[in-house]
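Coordinate inspection notes
The residues making up each chain are set out below.
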Amino acid sequence: MSKFVKDADWLDWHPSPSKPEFVLPAGAVDAHCHVFGPGEQFPFAPERKYTPCDASKDQLWALRDHLGFSRNVIVQATCHGADNRALVDALNHSNDLARGVATVKENVSDTELEALHQAGVRGVRFNFVKRLVDALPFDSLKRIADRIKELNWHIVIYFEGQELPELYDFFTALPTTVVVDHMGRPDVSKPVDGPEFGLFLQLMRNNENFWSKVSCPERISLAGPTQRYKDVVPFARTVVEQFPDRVLWGTDWPHPNMKTHMPDDGQLVDMIPLFAPTAELQRKLLIDNPMRLYWS
Ligand code: 0GY
């Protein structure tokens with residue numbers, strides 16, 4: 001029995017996701033997923049904003065195999081703060097089939113960064129979602145960015161659509177490749193060719209160091225699972241078609257903070273051909289792009 005009790009309004013991840021109808025190409029990468037604990041072994045951070053259910057590396061490998069993926073990119077979740085032990089443990093037990101994105105503080109030592117690199121970390125995440133973290137000040141983030149640039153790592157940024165205007169100049173000054181989580185969380189009640197998503201597309205178009213994950217329809221959609229998250233499709237498809245060499249896809253398993261429904265990961269995989277309609281786009285999204293960013 002774990003000493004951590006998950007938040008009462010938290011849903012557990014789907015125990016038996018369907019087998020996707022879409023057959024993933026051999027070598028496909030799930031480029032956004034997490035491990036949580038297990039809390040007994042890898043305690044959740046005191047400063048966390050939520051207490052999740054456990055979601056172990058072995059459960060992640062089982063999902064990978066069930067869905068037909070070959071590799072994972074594990075992103076440090078905020079419930080572990082800057083304690084990357086669960087992430088490193090997963091990477092070290094992945095047979096080189098997983099890479100990681102860590103969270104670090106400004107005082108991280110060169111030795112610690114080197115150890116993270118050895119384990120397979122290739123980026124850091126800067127999180128600006130206020131319900132998840134107290135974001136570090138820009139000058140601290142800038143100093144971290146300058147440090148990790150030396151390792152040829154990239155920066156993953158997580159923010160919500162309405163915050164982009166105030167973050168835009170900070171983002172475009174970052175000195176590395178920058179990967180945006182979940183297309184910058186667009187408000188899909190607004191038009192895909194309107195000014196809000198237009199600013200995100202402008203960010204991508206004018207800054208060739210920017211990449212985007214076309215992930216998390218279950219988080220972004222207002223239509224929901226019964227309508228197969230159809231309102232997210234035009235947004236994701238636009239990003240894939242306009243920037244085919246700078247997009248990634250991920251399950252987001254175990255789906256932190258999903259409180260109204262838990263997605264079926266098989267159904268999420270079945271959205272890939274709607275986002276990337278040709279075999280060439282699918283190969284770039286699922287294999288070429290993540291392999292270039294994480295395994296080259
Ligand atoms: C996601 C999204 C969320 C949470 C986290 O690190 C996290 O805690 O990433 C969220 O609640 O929107 O990318 O998994």
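Above this text is the structure in question.
Residues numbered from 1 in each chain as written. Predicted model: local features only at pLDDT ≥ 70, side-chain atom pairs only at ≥ 80, totals over all residues. Heavy atoms only, no water.

The next thing to look at is the overall build of the protein. A tally of regular secondary structure across the protein gives 11 helices and 8 strands. Computed over the C-alpha atoms, the radius of gyration of the protein is 18 Å, within 12% of the 19 Å expected from 2.2 N^0.38 for a compact globule of 296 residues. Along the first, second and third principal axes, the C-alpha atoms of the protein reach 45 × 45 × 35 Å. The proportion of buried residues among the 296 residues of the protein is 59%. Residue pairs at least 24 apart in sequence account for 77% of intrachain contacts in the protein once pairs closer than 6 positions are excluded. (Helix = DSSP H or I, 4+ residues; strand = E, 2+ residues; numbered from the N terminus. Rg over C-alpha atoms; globule rule 2.2 N^0.38 Å. Buried < 20%, exposed > 50% of the residue type's maximum accessible area, 1.4 Å probe, protein only. Contact = heavy atoms within 4.5 Å.)

A few words now on the pattern of salt bridges. Applying the stated rule across the entire model yields 22 salt bridges. With a shortest N-O distance of 3.4 Å, Asp9 and Lys259 are connected by a salt bridge. Here Lys259 lies in the loop between strand S8 (247-248) and helix H9 (265-269) and Asp9 lies in the segment before strand S1 (29-33), a separation of 250 residues in the sequence. A residue is classified by how much of its surface remains accessible, and Asp9, at 40% relative accessible area, is partly exposed. The partner of Lys142 in a salt bridge is Asp146, and the shortest N-O contact between them spans 3.1 Å. Of the two residues, Lys142 and Asp146 are both situated in helix H4 (residues 138-149); the distance of 4 residues between them amounts to about one turn of the helix. The network of salt bridges with common partners includes Glu106, Asp139 and Arg143. (Salt bridge = Lys/Arg side-chain N within 4 Å of Asp/Glu carboxyl O.)

So, about the site of the ligand. The local shell around the ligand holds 15 residues, among which His34, Tyr50, Thr78, Tyr158 and Asp252 are the closest. Separating an oxygen atom of the ligand from a side-chain N or O atom of Arg131 is a distance of 2.7 Å. A distance of 2.5 Å separates an oxygen atom of the ligand from a polar atom in the side chain of Asp252. Here the shell around the ligand is built from residues that sort into 5 nonpolar, 5 polar and 5 charged. (Near = heavy atom within 4 Å. Polar contact = N/O pair within 3.5 Å; in protein donor to acceptor, adjacent residues only side chain to side chain. Nonpolar A, V, L, I, M, F, W, Y, C, P; charged D, E, K, R; others polar.)

For the rest of this paragraph, the subject is the sheet that holds strand S5 (residues 154-158). Strand order across the open sheet formed by 8 strands is S1-S2-S3-S4-S5-S6-S7-S8, with parallel pairing between neighbours. Edge positions in the sheet fall to S1 and S8, since each of these pairs with one other strand and no more. The sheet contact formed by S5 and strand S6 (residues 178-180) spans 3 bridges and is parallel. Across the sheet, residue Val156 finds its bridge partner in S6, namely Val179. (Pairing = 2+ DSSP bridges.)

Let us now look at the packing of aromatic side chains. Within this structure, the stated rule accounts for 14 aromatic pairs. Geometrically, the ring pair formed by Phe128 and Phe171 is edge-to-face, given 5.4 Å between the ring centres and 65° between the ring planes. With Phe128 in the loop between strand S4 (121-127) and H4 and Phe171 in helix H5 (residues 164-172), this pair connects stretches of sequence that are 43 residues apart. Phe128 sits in the buried class, given a relative accessible area of 7%. (Phe/Tyr/Trp six-rings, centres within 6.5 Å; stacked < 30°, edge-to-face > 60°.)

Attention now goes to H5. Helical geometry: 3.6 residues make up each α-helical turn, so side chains three or four residues apart lie on a common side. Listed as buried for H5 are Leu164, Leu167, Tyr168, Phe170 and Phe171. The elements touched by buried residues of H5 are H4, S5, helix H6 (195-206) and strand S7 (210-213).

Inspection of the secondary structure assignment puts Pro20 in the segment before S1. Dropping the residues within four chain positions of it, Pro20 is found in contact with Leu67, Gly266, Val269 and Asp270.

The element strand S2 (residues 71-75) is largely enclosed, with a buried count of 4 among its 5 residues. Where S1 meets S2, 3 bridges bridge the pair, whose relative direction is parallel. Paired with Asp30 across the strands is Asn72, a residue of S2. Each parallel crossover has a hand, and the one from S1 via helix H1 (residues 57-67) to S2 is right-handed. Inspection of the sheet shows S2 paired to strand S3 (residues 98-102) by 4 bridges, in the parallel sense. Residue pairing in the sheet places Asn72 in a bridge with Ala98 of S3. For the segment spanning S2, helix H2 (residues 85-92) and S3, crossover handedness is right-handed. (Right-handed = clockwise from strand over helix to strand, strands pointing away.)

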